[in-house]
Amino acid sequence: MSFIQNIIRKNINDLKPYSSARNEFSGQNAILLDANENPFNEPFNRYPDPLQIAIKQKIIQNINLKYNFSPFNQLSIDNIFLGNGSDEAIDLLIRAFCEPQIDNIISPDPSYGMYEVCAGINNVDFRKVLLANDFQLDPDAIRLNIDNNTKIIFICSPNNPTSNSFIKNDIISIIETFNGIVVIDEAYIDFSVNEGFLPMLQNYPNLVVIQTLSKSKALAGIRLGMAFAGTDIIAVLNKIKYPYNINFLTQNFLLDAFNKNFDNNKYIDLILKERSRLQKELLTFDFIEKIYPSDANFLLVKMKNHHQIFSWLLKNNIVVRDRSRHKLCDACLRITIGNPQQNDALLNALNMYKLSISSNF
Ligand SMILES: *Cc1c(COP(=O)(O)O)cnc(C)c1O
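In this text the structure is predicted, and so the values were computed from the model without any measurement.

A. Region of interest: the overall build of the protein chain. Per the secondary structure count, the protein chain includes 12 helices and 11 strands. For a compact globule of 361 residues, the expected C-alpha radius of gyration is about 21 Å, and the protein chain comes in at 22 Å, within 12% of that figure. Each principal axis of the C-alpha distribution contributes one length, and for the protein chain these read about 80 × 50 × 40 Å. A buried classification covers 50% of the 361 residues belonging to the protein chain. Considering only intrachain contacts with a sequence separation of at least 6, the fraction spanning at least 24 residues in the protein chain is 69%.

Next comes the structure, spelled out in structure tokens:
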């Protein structure tokens, strides 16, 4: 029995998926009278490719090149699922593998909020395991929480909101000792000094790597998330997704971008440069107590009077994220690295704040 069959929900395993009209015909230039589409208003009148083959081929090709994978390690289009944002992949993984009210999910705390929300929507028990004080994983504590009904462990690395990457061997030890699925959320991997877990995908049938176009590629608006995994897991996600989950506009935009060799890695260096600058300049303020080392495109900043500073920034038309209610993030604001002008505006506003508090005394 394959790994998948031990953990997939029975109803999902037994499910006969919806077969869309376009699944049954793959030729070209046919007269399409099969899907009740409107014949006018080309090309928007047609349903998009349900499996997004053309963009998957481009993405996979780029990844095989980027990581210089040997022939054994090359990924194929059967190793990738595309979703309406990574959140779709997160939700589908839970629905495929977690039986409501019976199974459970584990994730470090603090981390990305959507894992818990998706678990809650699906009525699946969500177990939060506190990170260590240095924001690293506590693999022993995670193991203590695993039982026979633990189906998924979500690990976000680099982690949101703590901004650090977890130690690679801690993650590997979890992948190797856990019998369920380990999902590594690499939304911020392009900002990291680490190369991430895609090179290990072929070694572990229980590994899922999630990436997104929303951050380093500056395409949050088109909604495209990617899940990479062994072909068994990908087949399950394809089986239960909405048939046309990636719309024509998104698919078309990406194909166009690929054909024009659009380089959206070009933003990464500038953002990293701005991250160092902001880090240095922020530390000159007395009311900034600590900036945690960041491997992502944001800074977690511990402040004196974080409430006051949050409101001050808001009054100055600058919105940052208050993470102070999260465990281990006492008095912390999360600040996304903006463009140089935006970062200057932030520093200016903080300077004004500094003047305003000194004039009070
Ligand atoms: C921003 C972010 C995502 C991206 O979600 P999309 O739905 O792809 O936009 C995923 N995971 C984490 C941890 C994030 O911070």
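B. Structural detail: the nonpolar core. Judged by nonpolar contacts, the single largest core of 40 residues is most densely connected at Ile-155, Phe-197, Leu-207 and Phe-228. At the level of elements, α3 (53-66), β1 (80-83), α6 (139-145), β4 (150-156), α7 (168-177), β5 (181-185), β6 (207-212) and β7 (225-229) are the ones that each hand at least two residues to this core. Counting 33 residues, the second-largest nonpolar core is a separate cluster that includes Ile-94, Ala-96, Cys-118 and Val-208.

C. Quick look at the sheet that holds strand β11 (residues 332-336). Taken in spatial order, the 4 strands make up an open sheet running β8-β9-β11-β10, and their pairing is antiparallel. Looking at which strands have only one partner, the edges of the open sheet turn out to be β8 (288-291) and β10 (321-322). Across 2 bridges, β10 lies against β11 in antiparallel orientation. In the sheet register, Arg-321 faces β11, and the bridge partner there is Arg-334.

D. Representation of α7 in the model. Among all positions of α7, only Asp-170, Ile-171, Ile-172, Ile-174 and Ile-175 are buried. Against α6, β4, β5 and β6 lie the buried residues of α7.

E. Highlighting the site of the ligand. Taken together, 13 residues sit near the ligand, with Ser-86, Tyr-188, Thr-212, Ser-214 and Lys-215 positioned nearest. Ser-86 is positioned such that a nitrogen or oxygen atom in its side chain is 2.5 Å from an oxygen atom of the ligand. A distance of 2.7 Å separates a nitrogen atom of the ligand from a polar atom in the side chain of Asp-185. With the chains in place, 94% of the 390 Å² that the ligand exposes on its own is no longer accessible. The residue makeup of the shell around the ligand, split by class, is 4 nonpolar, 5 polar and 4 charged.

F. Main features of the packing of α3 against helix α9 (residues 248-259). At a closest axis distance of 9 Å, the pairing of α3 and α9 adopts a crossing angle of 40°. It follows from the interaxial angle that α3 and α9 lie oblique. α9 is crossed by α3, and the crossing has left-handed handedness. Between α3, through Ala-54, Ile-55, Lys-58, Ile-59 and Asn-62, and α9, the contact on the second element is made entirely by Gln-251, Leu-254, Leu-255, Phe-258 and Asn-259.

G. Representation of the side chain of Asp-190. Tracing the sequence through the fold places Asp-190 in the loop between β5 and β6. A distance of 3.5 Å separates the side chain of Asp-190 from the side chain of Lys-66, its partner in a polar contact.

H. How the structure looks around the pairing of strand β9 (residues 298-303). Most of β9 sits inside the fold, with 5 of its 6 residues counted as buried. Bridge analysis of β8 against β9 gives 3 bridges, and the strand direction is antiparallel. Note that in β9 the partner of Ile-291 across the bridge is Val-301. Across 5 bridges, the pairing between β9 and β11 is antiparallel. In the strand pairing of β11, Phe-298 is matched with Thr-336.

Definitions and cut-offs
- Residues numbered from 1 in each chain as written.
- Predicted model: local features only at pLDDT ≥ 70, side-chain atom pairs only at ≥ 80, totals over all residues.
- Heavy atoms only, no water.
- Helix = DSSP H or I, 4+ residues; strand = E, 2+ residues; numbered from the N terminus.
- Rg over C-alpha atoms; globule rule 2.2 N^0.38 Å.
- Buried < 20%, exposed > 50% of the residue type's maximum accessible area, 1.4 Å probe, protein only.
- Contact = heavy atoms within 4.5 Å.
- Core = buried A, V, L, I, M, F, W, Y, C linked by side-chain atoms within 4.5 Å.
- Pairing = 2+ DSSP bridges.
- Near = heavy atom within 4 Å.
- Polar contact = N/O pair within 3.5 Å; in protein donor to acceptor, adjacent residues only side chain to side chain.
- Areas by Shrake-Rupley, 256 points an atom, 1.4 Å probe, with all protein chains shown as cover.
- Nonpolar A, V, L, I, M, F, W, Y, C, P; charged D, E, K, R; others polar.
- Axes fitted to C-alpha atoms, helices over the stretch in contact; angles between N-to-C directions.
- Parallel < 35°, antiparallel > 145°, perpendicular 65-115°, else oblique.
- Left-handed = near helix turned anticlockwise from the far one by under 90°.

None of this, on its own, says anything about what the molecule does.
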